[in-house]
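Understanding the architecture of this molecule
Listed here are the chains, written in short residue letters.
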Amino acid sequence: MRKRFQNRVAESRIMLPAVSIYGLGVWLVCGLIGQQWWIQFACFVLSASLMAVINNQNVLIRIYSRSVSAAFIILSCAACFLFSSINGSIVQLCLVASMLTIYQTYQDYQAVGLDFYTFLILSLGSLFDVRILWFVPVYWLFMAFFVYSMSLRTFFASLFGLILPYWCVSAWLLWKEEGDFSYFVDHFIPLWHFQFPVDYTSTHPIHIAILVFLVILTLTGVIHFIRTSYNDKIRIRQIYYSFMFINFVTLVFMILQPQTEDIMLRTMIITTSPLIGHFVSLTHTRITNIAFFVILAVSLVLTILSIWVSSSIF
């Protein structure tokens, strides 16, 4: 089968280092040094590294390719207006880390430890943005229907993982604040604070453009994967179906409550990256080769526009 430019790039061993340098350049231009975004950058690097680990451990792409983590870096740079948020960066890292652990529980109804750690990580992330708890029922659903690890024991393990960080915070409040638990009242308000009627006027056009681009990439990856999924093992299919499921739920959250765009765009970037990485690595036609160039060009244009509207140097 003829290898086109997209395939040579996807299978190249220098692709990820080159994309990493590109990502570092975008961070520097956006204000990594001037704004002292070291914590955010560290979370970004760790998230990209864990995306590579998820790809390697689960063999998401059946050939040698680092396109999943490369796609994550490129899409994150296209939404570089998200770089400044420490809380958002930590939440994104927690989401990636929780996916790393939960996919290791495939068909293991006794994976009490891994499920405990998965929900412990989610709960730790919720200390920085409580809205990550909206994904807890989503994780329970794909434990039951995608990775087949839901049992009574793993369910209670997940509950203990969710409770532990708040149990520790309660002990700290009891000691430091002398039993004043008003922190919890303020902390959990965003969970049920919904905006009705929905207001899109405050959403910046570049944010809408990024969302539309992610939706198009997702649809491209979904159509490609469904058409060719028979080439992948059942386990890999289930993992990709879970990416699709989380992506759909995230899009619904984003449409219904656009003020949650920070965490929702980050989640969509995580789940879109494997889908588009699979598409780029395992297609070989002239049309998909053209699509590859279009994706790169649009990503670059969106990155430049995002830098323009968010960087302090302009």
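My aim in this report is to walk through the structure given alongside it, one point at a time. Since the model is a prediction, treat every value here as computed from it, not as a measurement.

Procedures and definitions
Residues numbered from 1 in each chain as written. Predicted model: local features only at pLDDT ≥ 70, side-chain atom pairs only at ≥ 80, totals over all residues. Heavy atoms only, no water. Helix = DSSP H or I, 4+ residues; strand = E, 2+ residues; numbered from the N terminus. Buried < 20%, exposed > 50% of the residue type's maximum accessible area, 1.4 Å probe, protein only. Lys, Arg positive; Asp, Glu negative; His and termini not counted. Salt bridge = Lys/Arg side-chain N within 4 Å of Asp/Glu carboxyl O. Polar contact = N/O pair within 3.5 Å; in protein donor to acceptor, adjacent residues only side chain to side chain. Contact = heavy atoms within 4.5 Å. Phe/Tyr/Trp six-rings, centres within 6.5 Å; stacked < 30°, edge-to-face > 60°. Lys NZ or Arg CZ within 6 Å of the ring centre and 35° of its normal. Patch = residues over 30% accessible without salt bridge, like charges linked within 9 Å, V, L, I, M, F, W, Y side chains within 5 Å. Areas by Shrake-Rupley, 256 points an atom, 1.4 Å probe, with all protein chains shown as cover. Axes fitted to C-alpha atoms, helices over the stretch in contact; angles between N-to-C directions. Parallel < 35°, antiparallel > 145°, perpendicular 65-115°, else oblique. Left-handed = near helix turned anticlockwise from the far one by under 90°. Nonpolar A, V, L, I, M, F, W, Y, C, P; charged D, E, K, R; others polar. 1 Å grid on protein atoms, 1.4 Å probe; cavity = no way out; pocket = protein on both sides within 12 Å on 5 of 7 lines; lining within 4 Å. Points joined across faces, edges and corners; volume = space filled by probe spheres on them.

A few words on the environment of asparagine 56. Its location among the elements puts asparagine 56 in helix H3 (residues 38–58). The exposure class of asparagine 56 is partly exposed, given its relative accessible area of 40%. Sequence separation between asparagine 56 and threonine 272 is 216 residues, and the spatial gap between their C-alpha atoms is 17 Å.

For the rest of this paragraph, the subject is the side chain of glutamate 261. Its place among the elements puts glutamate 261 in helix H12 (residues 261–282). Buried charge glutamate 261 goes without a salt bridge, the closest partner of opposite sign being arginine 131 at 9.3 Å. Here the side chain of glutamate 261 touches histidine 207 through a polar contact of 2.6 Å, side chain to side chain. Aside from chain neighbours lying at most four places away, what touches glutamate 261 is Thr203, His207 and Met254.

This structure, assessed with the given rule, holds 27 aromatic pairs. Here tryptophan 140 and phenylalanine 155 contribute two aromatic rings whose centre-to-centre distance is 5.1 Å and whose plane-to-plane angle is 50 degrees, an arrangement assigned as tilted. In this pair, tryptophan 140 is assigned in helix H7 (residues 136–145) and phenylalanine 155 in helix H8 (residues 152–176), connecting sequence segments 15 residues apart. The class for tryptophan 140 is partly exposed, based on a relative accessible area of 21%. Ring centres of phenylalanine 225 and tyrosine 240 lie 4.5 Å apart, and the angle between their planes is 25 degrees; this geometry places the pair in the stacked category. Separated by 15 residues along the polypeptide, phenylalanine 225 in helix H10 (residues 205–228) and tyrosine 240 in helix H11 (residues 234–256) bring together distant segments of the chain. Residue classification places phenylalanine 225 among the buried positions, given a relative accessible area of 0%. For the cation-ring pair, arginine 13 lies above tyrosine 64, with the distance from its terminal atom to the ring centre recorded as 4.2 Å.

Attention shifts here to a nonpolar patch on the surface. Residues Val185, Ile189, Trp192, Phe194 and Phe196 make up a contiguous nonpolar surface patch of roughly 570 Å² in combined accessible area. Structurally, isoleucine 189 is set in helix H9 (residues 182–192). We classify isoleucine 189 as partly exposed; its relative accessible area is 36%.

Moving on: the packing of H11 against H12. Helix-helix packing is characterised by the crossing angle of the two axes and by the distance between the axes. Contact geometry for H11 and H12: axes closest at 9 Å, N-to-C directions at 150 degrees. Classified by the interaxial angle, the pair formed by H11 and H12 is roughly antiparallel. Our pair here, H11 against H12, has a crossing hand that is left-handed. Together, Tyr240, Phe243, Met244, Ile246, Asn247, Thr250, Leu251, Phe253 and Met254 of H11 and Glu261, Met264, Leu265, Thr267, Met268, Thr271, Thr272, Pro274, Leu275 and His278 of H12 make up the contact between the two elements. Residue composition of the contact of H11 with H12, grouped by class: 12 nonpolar, six polar and one charged.

Bringing the layout of surface pockets into the picture now. To find leftover empty space, a probe the size of one water molecule is rolled over the atoms. Considered as a void within the structure, the largest pocket measures approximately 400 Å³ in volume. Lining the largest pocket are 19 residues, and of these Val19, Ala70, Ile74, Phe292 and Leu296 lie nearest its centre. Elements with a contribution of two residues or more to the lining of the largest pocket: helix H1 (5–11), helix H2 (15–30), helix H4 (67–78), H12 and helix H13 (286–310). Its residues assigned to classes, the lining of the largest pocket comprises 15 nonpolar, four polar and no charged. For the second largest pocket, the calculated volume is near 250 Å³. Every residue lining the second largest pocket is counted, 14 residues in all, and those nearest its centre are His224, Arg227, Thr228, Leu282 and Thr283. Residues of the lining of the second largest pocket, tallied by class, amount to four nonpolar, eight polar and two charged.

A few words now on the pattern of salt bridges. Applying the stated criterion across every chain yields a total of three salt bridges. With its nearest N and O atoms 2.9 Å apart, the salt bridge here joins aspartate 129 to arginine 131. Take aspartate 129 and arginine 131: they sit in the same class, and that class is buried.

Nothing here speaks to function; it is all geometry.
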